[in-house]
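Below, each chain spelled out in residue letters.
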Amino acid sequence: MALFIAVLIIIIVIALTFKYPSISLLFYLTTSFFKTVLMIKFSFFLSFDYTVLCGILVLLAMSYSFIKSKGSLKEVMSIPVGFFIALAVLLLFGLSYTSAPNYGFEKSTRFAVLGFIAFSAPLFFSRDLKDVKQVVFMVFLAGMVIMVGTIIAPYAAVVRRGAGVRGGFLEASPLESAAMIATLGSICAYFCISSQTPKKLKIIGLIFLPMSVIGITLTGSRGPLIGLGLAILGSMVFCRKHLSKVWMPLLIIALVIATFTVIVKLPQKNVQRILSIFEEQYEFQNVAYQRTSKFTWVLSRAGKHIFLGNGTGSYAVDWGGQDERDYPHNIILELLYENGLAGVIIFVLFMWLVLKRWRAGKKFVKFYELCPETEGLINIAGLLLFFNILQSLKTYDIDGNRYMFFTCGLVLALYNCIKAECLNISFYDDELDYSSLSYDEAEHFGDELILYERL
């Protein structure tokens, strides 16, 4: 029976993937949640990594989508893509002198392959703004699947054997699951806060935002919960010119209800882990010490091999003495210690170029007066990037921050589609006033008509 269901699911997935290639992202983005329970239920996944299987599915879907749309690599390639490739090459090069060949090999190869798939998927799936909307919907759907699964998991005996160390549920990584739920909550918060969001989406946001808080609490992960709070504040900044005065009080009420539910209804072991950092000064100092001790250790030793670092994965052996996954919980310090200034410079330039394109896209949405839906898409992409950058500064290694690079790819894909839309408007509208644009903005956007007007 289980085999029949598995075959049926595979057939349905393949059929849907041919119709909507980006649906493959749903499986890729939820790997952290289902990985352990699949290993328990199906022996196949003991020998074949589920994440790799989902990566192959996305890669095939990307190839099919690219060929179907008759795209060219010129449309996908850009300077930020080149910097990402350079970073992957540097990590692989770092294997030649690392003291952690096993962990270093795993981290660098997974980043170069699975990380690149995550980063490039939005670029290959997005030919226009409608395609970007589908990708964002897959992100929303993935967060919803993980959130609902996390909430119902304690009542499903079949999955308890796959319990995580924090939440006691089926996810392989409670922290990664919590981060995905937090991205869902960030999108829901934006739906509620923005006056430009349709009423149906506001209602959806109002329902799923408090459920996101409950889901994160059940995983026992504090960082993503704090990150969600900062993302809500970020939503207010993005929507400061069109805040929904009617829905803001409803949002606050929903969060109060979620907090009440968390404190009264949820298991104390989960709630206490969340609240302890705020209630007990010792616990706060202990958590802070765990992070800062790693930070100061890296800074005190990074100068010995400042240009190329100590080798990919070397922190694990040099700090803990074992060639297994360990990292300083800060992507900048991780790169500084293991790949030197070369790694830090490449990463910082990469992120600067991505943020520059996000800012340029936001400017041209306003300048060309594109529809509110497009403005909503770029604000959501910015929120997700903001949340994941915060995550990268306090947790994960560079491979674990794969979802941050996915959101970078989403920003670049959205920028490309906005650029194409605006160039089309420029071609047909000769009454646009370009005087408000600086030469640098015009040159960065690449619009020949604007350049001509400015010159």
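Residues numbered from 1 in each chain as written. Predicted model: local features only at pLDDT ≥ 70, side-chain atom pairs only at ≥ 80, totals over all residues. Heavy atoms only, no water.

1. Describing the overall build of the protein
Note the following rule: Only DSSP runs of H or I covering at least 4 residues are called helices, and only runs of E covering at least 2 are called strands; the numbering of each starts at the N terminus. Only protein chains enter the area calculation, which uses a 1.4 Å probe; residues under 20% of their type maximum are buried, those over 50% are exposed, and those in between are partly exposed. Contacts are residue-level and defined by heavy atoms, with any inter-residue pair within 4.5 Å sufficient. We get accessible surface area from the Shrake-Rupley algorithm with a probe of 1.4 Å; when it comes to residues, only the shown protein chains can shield them.
Regarding its fold elements, the protein presents 21 helices and 0 strands. Every one of the 455 residues in the protein was classed for burial, and the buried ones make up 52%. A separation of at least 24 residues holds for 77% of the contacts in the protein among residues at least 6 apart in sequence. Summed over its atoms, the accessible surface of the protein is roughly 21,400 Å², and 67% of this surface lies on carbon and sulfur atoms.

2. Details of a nonpolar patch on the surface
Definition in use: Only residues whose relative accessible area exceeds 30% and that take part in no salt bridge are eligible for patches, with like-charged residues grouped when within 9 Å of each other and nonpolar side chains (Val, Leu, Ile, Met, Phe, Trp, Tyr) grouped when within 5 Å. Here, a salt bridge means any Lys or Arg side-chain nitrogen found within 4 Å of an Asp or Glu carboxyl oxygen.
A contiguous nonpolar surface patch, about 700 Å² in accessible area, is contributed by Phe93, Phe307, Leu308, Leu341, Ile345, Leu349 and Trp352. At 4 residues, helix H17 (residues 331-367) tops the list of elements feeding residues into the nonpolar patch. Turning to its location among the elements, Phe307 is positioned in the loop between helix H15 (281-301) and helix H16 (314-320).

3. Looking at the environment of Trp319
Its place among the elements puts Trp319 in helix H16. Remark: the alpha-carbon pair of Trp319 and Trp297, spanning 22 residues in sequence, is separated by 8.4 Å. Residue contacts for Trp319: discarding those within four places in its chain leaves Ser293, Lys294, Trp297 and Asp326.

4. A few points about the packing of aromatic side chains
Test applied: Only the six-membered ring of Trp is used, alongside the rings of Phe and Tyr, when aromatic pairs are assigned; centres must lie within 6.5 Å, and planes under 30 degrees apart are stacked while those over 60 apart are edge-to-face, with the rest tilted.
For the structure on display, the rule yields 23 aromatic pairs. Taking 5.8 Å as the distance between ring centres and 45 degrees as the angle between the ring planes, the aromatic pair formed by Phe84 and Phe116 counts as tilted. With Phe84 in helix H7 (residues 79-93) and Phe116 in helix H8 (residues 101-125), this residue pair connects regions lying 32 residues apart in the sequence. Take Phe84: its relative accessible area is 1%, and that puts it in the buried class. Its relative accessible area of 28% is what places Phe116 among the partly exposed residues. Plain terms: the ring middles of Tyr403 and Phe406 are 5.7 Å apart, the flat faces sit at 10 degrees to each other, and that makes the pair stacked. Here Tyr403 pairs with Phe406, and both are found in helix H19 (residues 402-428), just 3 residues apart, close to one helical turn. The same class applies to Tyr403 as to Phe406, namely buried.

5. Looking at H17
What counts is decided by this rule: Each helix should span, by expectation, one fewer than its residue count multiplied by 1.5 Å. To get the bend at any residue, fit one axis to the seven residues that end at it and another to the seven that begin at it, then take the angle between the two axes. Under the rule applied, a polar contact is a pair of N or O atoms within 3.5 Å (in protein, one hydrogen donor and one hydrogen acceptor; residues adjacent in sequence only if both atoms are side-chain atoms).
Taking 1.5 Å of rise per residue, the 37 residues of H17 would be expected to cover 54 Å, yet its terminal C-alpha atoms sit only 35 Å apart, more than 12% below that figure. The largest bend in H17 amounts to roughly 140 degrees and is located at Asn339. If you check the start of H17, you find a side-chain oxygen 3.0 Å away from the backbone N of Ile332, and it comes from Asn330. Two residues or fewer past H17, Glu369 is found with a positive phi of approximately 55 degrees.

6. Comments concerning the confidence of the model for the protein
Condition: Every residue gets a pLDDT, meaning the predictor's confidence in that residue, from 0 to 100.
On average, residues of the protein carry a pLDDT of 81, and 82% of them reach 70 or more. Predicted confidence in the protein is weakest over helix H21 (residues 448-454), with a mean pLDDT of 40, and strongest over H7, with 95. Note on residues 157-172: pLDDT is under 50 here. Beyond four places in sequence and across chains, it has 48 contacts.

7. Some details on the packing of helix H3 (residues 31-41) against helix H5 (residues 50-68)
The following threshold applies: Note on geometry: axes are C-alpha line fits, over the in-contact stretch for helices, and angles between N-to-C directions span 0 to 180 degrees. Angle categories: roughly parallel below 35 degrees, roughly antiparallel above 145, roughly perpendicular from 65 to 115, and oblique for all the rest. The residue classification treats Ala, Val, Leu, Ile, Met, Phe, Trp, Tyr, Cys and Pro as nonpolar and Asp, Glu, Lys and Arg as charged. All others, Gly included, are polar.
Between H3 and H5, the least distance of the axes is 9 Å, while the angle of their chain directions is 130 degrees. Relative to H5, the element H3 lies oblique. Here Thr31, Phe34, Lys35 and Leu38 of H3 lie close against H5, whose contacting residues are Tyr50, Thr51 and Cys54. Partitioning the contact of H3 with H5 into residue classes produces 4 nonpolar, 2 polar and 1 charged.

8. Quick notes on the nonpolar core
To keep things clear, this is the line we draw: What we call a nonpolar core is a set of buried Ala, Val, Leu, Ile, Met, Phe, Trp, Tyr and Cys residues that are connected through their side-chain atoms within 4.5 Å.
In this structure, Leu25, Leu87 and Phe405 are the most contacted members of the largest nonpolar core, which totals 116 residues. Take this core: its biggest share by element is 15 residues, from H17. The contacts of Phe405, once residues within four sequence positions are left out, are Phe84, Leu87, Phe111, Phe119, Ile331, Phe347, Phe350 and Ile398.

9. Points about helix H12 (residues 222-238)
Over its 17 residues, H12 runs 24 Å from end to end, which matches the ideal 24 Å to within 8%, given 1.5 Å per residue. Within H12 the residues assigned to the buried category are Arg222, Gly223, Pro224, Gly227, Leu228, Ala231, Ile232, Gly234, Ser235 and Phe238.

10. A few points about unusual backbone geometry
For His329, which is not glycine, the phi torsion reads 65 degrees and is therefore positive. With respect to the element layout, His329 can be found in the loop between H16 and H17.

11. Digging into the packing of H5 against H8
Note the threshold: Handedness of a crossing is defined here by the sense of rotation of the near helix relative to the far one, left-handed for an anticlockwise turn of less than a right angle and right-handed for a clockwise turn.
Where H5 meets H8, the axes come as close as 10 Å, and the angle between the chain directions of the two elements is 35 degrees. Our pair here, H5 against H8, has a crossing hand that is left-handed. Within the contact between the two elements, H5 uses Thr51, Val52, Gly55, Val58, Leu59, Ala61, Met62, Ser65 and Phe66 and H8 uses Arg110, Leu114, Ile117, Ser120, Ala121, Phe124 and Phe125. The class makeup of the residues in the contact of H5 with H8 is 11 nonpolar, 4 polar and 1 charged.

12. What about the environment of Gly311?
Relative to the helices and strands, Gly311 is located in the loop between H15 and H16. Owing to a relative accessible area of 0%, Gly311 belongs among the buried residues under this scheme. Residues Gly311 and Pro101, spaced 210 residues apart in sequence, show a C-alpha to C-alpha distance of 9.1 Å. Look past the residues within four positions of Gly311 in its chain and what remains in contact with it is Gly94, Tyr97, Thr98 and Glu338.

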